[in-house]
Amino acid sequence: MREAGLAYALVLPSLVVFGAFIFYPFVRNFYLGFFRTPPFPGLPKKGVGLTQYREVLTSHDFLNSVKVTVLFAVYTVPTGIAAGLGLAVLAHQKLRGIGIYRTIFSSTVATSVAVASVIFGTLLNPNVGLLPWLGLQTNPSILQNPSWALLAVAITTIWQNLGLSFILMSSGLQAIPDELLEAAQIDGAGAWSRFRNVIVPLLSPTIFFAVVVGSIFAFQSFGQIELLTQGGPTKHTNVLTYFIYTTLQQQQDDGKAAVLAIALFGITLLLTLVQMRLLERRVFYAR
Amino acid sequence: MTEAARGDVDVDGAGIAVSLREVTKTYDNGVMALGPIDLQVRKGELVSLLGPSGCGKSTALRIIAGLEAPTSGTVRIGSRVVNDVEAKDRDVSMVFQTYALYPHMSVQRNIEFPLKSRGMPRDERATRVREAARGLGLEGLLDRKPAQLSGGQRQRVALARAIVRRPAAFLMDEPLSNLDAKLRVQTRAELIELHRRLAATVVYVTHDQVEAMTMGDRIAILDRGVLQQIGPPQAVYDEPANLFVAQFIGSPSMNTIGARVVADSEAVAVELPGARIMLPAPTGAAVARAGADDVVLGVRPEHVRIDGGQLPATVSVVESLGHERHVVCRLDDGTMVIVREAADASPARAGDAVGLSVPSEHLHVFDAGSGRRVAV
Amino acid sequence: MRGEAGVTEGRPVRRRFAIVARYALLTVLAAIVLFPVYMAVVGSLLKTEQITSRPPTMLPTHPTWDSYSTAWSAGHLATYLRNSAIVAVIITCGQVVTAILAGYAFAFLEFPFRRTLFVVFIATLMVPFEVTIITNLNTIVSLHWYNTYAGLTVPFLATGFGAFLLRQAFLGIPRDLQDAAALDGYGHLRFMTRVAVPLARPAIAALAVFGFLSAWNQYLWPLLITKNDQLRTVQIGLRQLRATSIEQVNVTLAGVVLAALPLVVLLVVFQKQLVRGLTAGAVKG
């Protein structure tokens, strides 16, 4: 059939890209994971079967990395969403000039990870930074401090994502019919009560959704770590993606990196499945 | 056109603009949308395809247009078999119920669109668009976008886009159903004029029997994918081929009363609830020939009279429409009979016991089993 | 009645106070959000020796653009920005085109395995790019695309998200329009370019803005496959700039401002599309 021929021609360009740069490398990870990279380049790779999977996935470094990544997600996701939601609710009122505030609150969308990281790196710099001068000083300095470094990276991330979070929450909020809020007002609900009893429940699909998507993003965070802490001090900020990167770039260990990548995929898949469940719920709420 | 209105003449070749032969359509899910259907539309004729929703009339139209392929059968435009011809090459144009105007194009570009694809030179295109626009009173609107037009104007743009190609046939799929009642009547008249002026062949799909009756040189009535009857409006009204057509055409619809045939050597009579009616000789002969025991009598509301006739009934509701009255009666067994009277006729009141009479020349007899018309 | 008089007297005052309080709260929050950017801008306008002064300079009384010209030429910011623009434009165009083609096929055409292929497209959204870098790096090297624009762009020329977004947009086009075009003599390709694409413009714009933003902000991949300033994108350029001007934070900050500026412009001009793209993009997962 001619129509079928045309259809395949139209999807082909995408399929070629997907095949070459998504599916093939994805599947090859499983294969790579069976081979141990020799300690010296030039020696043949050694097939070790599932041994490498077991070793890597039970290694202290991997478990630490997962712990750090989860912690990073816990620091960034709820706080980021709460901040976005708070700003969205505040900006969701009829006030003269509210558009300017909306623009400001969504402005960090224009920053990249690198821009945000360099700015915060400067602000936190023990020699020239403003924050140390203001008394936010630790020894060793914040980004070198095991108990502070991850938090600092997290704050950078929250700030960078604030615009996105604000935009998401705002559009969720705009989808709530004004009549509902007005009805609540007539029913005598105060601002807090309206927030708790009307806005949050109605926005809960958006919020759940943001939690899951935010977590997936958090598990893919890389730039801020690379620019601010390089996984240190002593692997206290060694998130999974940075771990993969160093394994690949510095240790040149494809096999180990592949196992780590599979683990990252597994976690993402889990979060995606959770998201699907929540999306079903979202439909329920939408009715 | 008066020629064309004479009746269903089944000829091939010359004079036929659109023809369907034994066309069927069965969907992938096994649903049969269109039974074997035969339909010939003559050049310059307007044929209405009429039926309830889901009767297959739109499917038939889309098959003619080439938007859907028939499962079997032959489709001809003129004398050419077009089963394997793509829609764009069939030389037909279509007016859609939703008008299907391209929202991002001006009126001018919308009308011009079908000409452009055929590589017509710019000057000629402009002339044709101007002509079509003038004919439909759209000259002042050429630069507007569809969103800036009223429903009636959009409808006219859709017509202009169809006309501008000068196709062998126009296919119209409920083109008036998105207009409000007043505009619909007005546009209906304009469409008839347009059809006459262009001597255009039109296949017109509608579910509105008034539209079909007033516009069609002939009307084709479909039900469940099967062509029930085709003929000039008056012929279909006067001699419905079966119970479905009888009840679908006419408003209020034809009264139907179940009856038993009682035949003796002399004459044929039918037994109704509470009365026995002798059938006139030719009708009786036809009924006797058919050999049916149970029949359904049909009589149009305007032919029933409340005059103390032999059929006993009770008046249940009287609806006054100003210029006429609909008196709803019930026979002894509860069968409803509607009588249509002039507004100044003797007033019946709800609860009155009355006698109805039915002139035998206006009696339609249908076979109770098949629903088919038995006589006269 | 008496009580009511009290209310009418009290209300305007209380209300005005409430409004002032709201503005005050909004302004404080806005200041907090903008503070890091403000400090970056101030820092970029200082002379190198002012940078380390204590107390830190909060208001640039004698602003200087020196650090900008240093960042621009000596810091290669001009090259970095150009590279980023080239890469982002190529990726955006590629994504838009492949998404239009595939989205059209899924929305308007009947073909065997359509559902299966659509699932395949959606499945690509479940694989984070980070998972594929190991083999992709090998692939790019063996194609001799290491440190080239091709290497920076080709892996991103198609997205399942884009195809999905445009399929949805195309499905919103009434079927009658497609039928009308078929009768008017337009085949699929011409219907696509003359009707479907113009009508799906909002979705295409959203996809373009979203694609540009993601491409511009990429970090991991350009870091992996560029090795010199000729090819580095601005994000990696910032890293480089910071490393080479450790003693000149003002130059680094000027670079930051220059790197962010194009997106600020984009945000201002395409605010609506950006919001639509981001909220739709969030569905990406």
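Every value quoted in this text rests on a predicted model; they were computed, and no experiment measured them.

Helices and strands together make up the secondary structure of chain B, namely nine helices and 20 strands. With the C-alpha coordinates of chain B rotated into their principal frame, the extents come out at 75 × 45 × 40 Å. Residues classed as buried in chain B amount to 53% of the 376 residues present. Of all intrachain contacts in chain B linking residues separated by at least 6 positions in sequence, the fraction that spans at least 24 positions is 64%. Summing over all exposed atoms, chain B offers an accessible surface of approximately 16600 Å²; the carbon and sulfur share of this is 48%. Counting 44 positive and 46 negative side-chain charges, chain B places the averaged centre of each group 10 Å from the other.

This part takes up the domain arrangement of chain B. Residues and elements named next belong to chain B. What the domain assignment reports for chain B is domain 1 (3–91 + 167–247) and domain 2 (252–367). Computed from C-alpha atoms alone, the centre-to-centre distance between domain 1 and domain 2 is 34 Å. Summing both sides of the interface, domain 1 and domain 2 together bury roughly 730 Å²; the carbon and sulfur share of this comes to 56%. Taken as a group, Tyr237, Leu243 and Gln247 account for 66% of the area that domain 1 buries against domain 2, more than any other trio of residues on that side. One can count zero salt bridges joining domain 1 with domain 2.

With that out of the way, let us pick up the interface of chain B and chain C. Contacts between chain B and chain C engage 22 residues on the former and 16 residues on the latter. Between chain B and chain C the total buried area reaches about 1700 Å² when both faces are included, carbon and sulfur atoms providing 62% of it. The shortest N-O distance in the salt bridge between B:Arg161 and C:Asp184 comes to 3.8 Å. Our count for the chain B to chain C interface comes out at 12 residue pairs in polar contact (both at pLDDT 80 or more). Put simply, the parts of the chain that give the side of chain B that touches chain C at least two residues each are α1 (57–65), β6 (92–95) and α2 (107–116) of chain B. Among the elements that make up the side of chain B that touches chain C, the one with the highest residue count is α2(B) (three residues). Taken together, the residues of the side of chain B that touches chain C sort by class into 13 nonpolar, three polar and six charged.

What follows is about the side chain of B:Arg125. Residue and element names in this part refer to chain B. For Arg125, the position within the fold is in helix α3 (residues 122–135). Accessibility expressed as a relative area gives 10% for Arg125, which makes it buried. The contact partners of Arg125, leaving out residues within four places of it in the chain, are Glu112, Leu115, Lys116 and Met120.

Core analysis: the largest hydrophobic core is formed by 214 residues, its most contacted members being A:Phe105, B:Leu49, C:Tyr104 and C:Phe170. Looking at which element gives the most residues to this core, the answer is helix α4 (residues 77–108) of chain C, with 16 residues. Apart from the residues lying within four places of it in its own chain, the contact partners of A:Phe105 are A:Leu87, A:Ala91, A:Leu162, A:Gly163, A:Phe166, C:Leu26, C:Leu29, C:Ala30 and C:Val33. Judged by nonpolar contacts, the second largest core, of 34 residues, contains B:Leu46, B:Val107, B:Val129 and B:Ala133.

Residue and element names in this part refer to chain B. In spatial order, the strands read β2-β1-β4-β5; together these four strands make up an open sheet with antiparallel pairing. A strand with exactly one partner marks an edge of an open sheet, and here the two such strands are β2 (32–42) and β5 (80–81). With two bridges connecting them, strand β4 (residues 72–77) and β5 associate as antiparallel partners. Looking at the pairing, Arg76 lines up with Val81 of β5. Against the sheet, α1 makes contact with β1 (16–26), β2 and β4, and its axis sits at roughly 120° relative to β1, the strand it touches most.

Here the focus is a positive patch on the surface. Residues B:Arg109, B:Lys116, B:Arg122, B:Lys145, C:Arg190, C:Arg194 and C:Arg201 make up a contiguous surface patch of positive charge. Elements with a contribution of two residues or more to the positive patch: α2 of chain B together with α10 (188–199) of chain C. You can see B:Arg122 is positioned in helix α3. Relative accessible area serves as the criterion here: at 64%, B:Arg122 is assigned to the exposed category.

Position of B:Arg134 relative to the elements: it lies in helix α3. Counting along the chain gives 79 residues from B:Arg134 to B:Met213, while the straight-line C-alpha distance between them is 28 Å.

Looking now at the pattern of salt bridges. Going through the model one piece at a time under the given rule, you end up with 23 salt bridges over all chains. Between A:Lys235 and A:Asp61 there is a salt bridge, with its nearest N and O atoms 3.1 Å apart. In this pair, A:Lys235 sits in the loop between α10 (223–228) and α11 (240–249) while A:Asp61 sits in helix α3 (residues 60–91), placing the two residues 174 residues apart along the sequence. In this structure, B:Glu45 engages B:Arg42 in a salt bridge whose closest nitrogen and oxygen atoms are separated by 3.2 Å. Judged by relative accessible area, which is 0%, B:Glu45 ranks as buried.

The end-to-end C-alpha distance of helix α8 (residues 160–171) of chain C, which contains 12 residues, comes to 16 Å, matching closely the 16 Å that a straight helix rising 1.5 Å per residue would cover. Among all positions in α8(C), only C:Gly160, C:Phe161, C:Gly162, C:Ala163, C:Leu165, C:Leu166 and C:Phe170 are buried.

Let's shift gears to the interface of chain C and chain A. Chain C puts 89 residues into the contact, and the matching count from chain A is 83 residues. Of the roughly 7500 Å² buried at the junction of chain C and chain A (both faces included), carbon and sulfur atoms supply 77%. In terms of surface lost to chain A, no three residues of chain C exceed C:Leu26, C:Met126 and C:Ile134, which account for 9% of the buried area on that side. Joining chain C to chain A, the criterion identifies one salt bridge.

Conventions and cut-offs
Residues numbered from 1 in each chain as written. Chains lettered and ligands numbered in written order. Predicted model: local features only at pLDDT ≥ 70, side-chain atom pairs only at ≥ 80, totals over all residues. Heavy atoms only, no water. Helix = DSSP H or I, 4+ residues; strand = E, 2+ residues; numbered from the N terminus. Buried < 20%, exposed > 50% of the residue type's maximum accessible area, 1.4 Å probe, protein only. Contact = heavy atoms within 4.5 Å. Areas by Shrake-Rupley, 256 points an atom, 1.4 Å probe, with all protein chains shown as cover. Lys, Arg positive; Asp, Glu negative; His and termini not counted. Charge placed at Lys NZ, Arg CZ, Asp CG, Glu CD. Domains from an automatic or database assignment. Buried area = accessible area lost by both parts, 1.4 Å probe. Salt bridge = Lys/Arg side-chain N within 4 Å of Asp/Glu carboxyl O. Polar contact = N/O pair within 3.5 Å; in protein donor to acceptor, adjacent residues only side chain to side chain. Nonpolar A, V, L, I, M, F, W, Y, C, P; charged D, E, K, R; others polar. Core = buried A, V, L, I, M, F, W, Y, C linked by side-chain atoms within 4.5 Å. Pairing = 2+ DSSP bridges. Axes fitted to C-alpha atoms, helices over the stretch in contact; angles between N-to-C directions. Patch = residues over 30% accessible without salt bridge, like charges linked within 9 Å, V, L, I, M, F, W, Y side chains within 5 Å. Expected span 1.5 Å × (residues − 1).

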